[in-house]
Amino acid sequence: MIVIKHEELYCKLEFQLFIWDSSWEMWRPITKVGWSGTKITYDDKKYKKDIFDPWYGFGSSEMKELCKKLTTFIDRSKYQENIESLFEGEFLYDRKIGFLESCSPIKTKESWHKYLKYMNQKSKTLRKFVDNKKTLRNNNGRKSIN
């Protein structure tokens, strides 16, 4: 089990993701964390289909009981900050990014640049090829005295 903070507090327990909901003061299940094209957010539509459902936000009574146990068990003050470890996704240019939707408008170069800016990162690129045919000399071509 890992707890990760990136604007929100997320938890991954085996194959299930959870988010800390401060208004409910407990963990809630979510299906996915990913890039929406403008920010990193989560998808909980599966658990919030019907507002009149007695298990609204949890999906079932078993999931609600699990969330109650997690609330008492997990220490929210100890967390990591690597949100990318929660991504189940594909590579876009030079890194793994989890997308909330599989549509192509968010898989563009512009979206990738927005993602890098949002995460305050630089692109991972190879160094420029060094031309080995050039002779490198010290002291502007003069011999060094040793």
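Refer to the preceding data block for the structure.
Figured I'd write up the structure that's included with this text. Quick caveat, the model's predicted, so the values are computed rather than measured.

1. A look at the environment of Glu-62
And step 1. Relative to the elements of secondary structure, Glu-62 occurs in helix H1 (residues 61-73).
And step 2. We classify Glu-62 as exposed; its relative accessible area is 58%.
And step 3. Separated by 3.4 Å, the side chains of Glu-62 and Ser-60 make a polar contact.

2. Digging into the packing of aromatic side chains
And step 1. Across all of its chains, the model carries five aromatic pairs by this definition.
And step 2. Seen in terms of ring centroids, Trp-24 and Phe-58 are 5.5 Å apart; in terms of plane orientation they differ by 35 degrees. Their pairing is tilted. Residue Trp-24 is found in the loop between strand S3 (16-21) and strand S4 (26-30), and its partner Phe-58 is found in the loop between strand S6 (40-43) and H1; the two are separated by 34 residues along the sequence.
And step 3. Residue Trp-24 is classed as partly exposed on the basis of its relative accessible area, which comes to 32%.
And step 4. Under the relative-accessibility criterion, Phe-58 is labelled buried at 4%.
And step 5. Look at Trp-35 and Tyr-115: their rings are 5.2 Å apart centre to centre, the planes differ by 85 degrees, and that puts the pair in the edge-to-face class.

3. Topic: the nonpolar core
One broad rule of soluble globular proteins: the nonpolar side chains tend to lie buried together.
And step 1. Core analysis: the biggest nonpolar cluster contains 19 residues, and Tyr-10, Val-33, Ile-40, Ile-83, Leu-86, Ile-97 and Tyr-115 have the highest contact counts within it.
And step 2. Mapped by element, the contributors of at least two residues to this core are S3, strand S5 (32-35) and helix H2 (109-119).
And step 3. At four residues, H2 tops the list of elements feeding residues into this core.
And step 4. If sequence neighbours within four positions are ignored, Ile-40 has contacts with His-6, Val-33, Gly-34, Trp-35, Ile-83, Phe-87, Tyr-115, Tyr-118 and Met-119.
And step 5. By size, the runner-up hydrophobic cluster in this structure holds 13 residues, among which are Leu-9, Trp-20, Phe-58 and Met-63.

4. Side note on the pattern of salt bridges
And step 1. Using the criterion set out here, one finds four salt bridges in the structure.
And step 2. Here Asp-44 ties to Lys-48 by a salt bridge, and the two come within 3.5 Å at their closest N and O atoms.
And step 3. Given the relative accessible area of 11%, Asp-44 is considered buried.
And step 4. Of the charged contacts in the structure, one is a salt bridge between Glu-65 and Lys-68, with a shortest N-O distance of 3.9 Å. Remark: Lys-68 and Glu-65 occur in helix H1; sequence separation between them is three residues, near one turn of the helix.
And step 5. Shared partners join several salt bridges into a network, and the residues in it are Asp-21, Arg-28, Asp-44 and Lys-48.

Calculation criteria
Residues numbered from 1 in each chain as written. Predicted model: local features only at pLDDT ≥ 70, side-chain atom pairs only at ≥ 80, totals over all residues. Heavy atoms only, no water. Helix = DSSP H or I, 4+ residues; strand = E, 2+ residues; numbered from the N terminus. Buried < 20%, exposed > 50% of the residue type's maximum accessible area, 1.4 Å probe, protein only. Polar contact = N/O pair within 3.5 Å; in protein donor to acceptor, adjacent residues only side chain to side chain. Phe/Tyr/Trp six-rings, centres within 6.5 Å; stacked < 30°, edge-to-face > 60°. Core = buried A, V, L, I, M, F, W, Y, C linked by side-chain atoms within 4.5 Å. Contact = heavy atoms within 4.5 Å. Salt bridge = Lys/Arg side-chain N within 4 Å of Asp/Glu carboxyl O.

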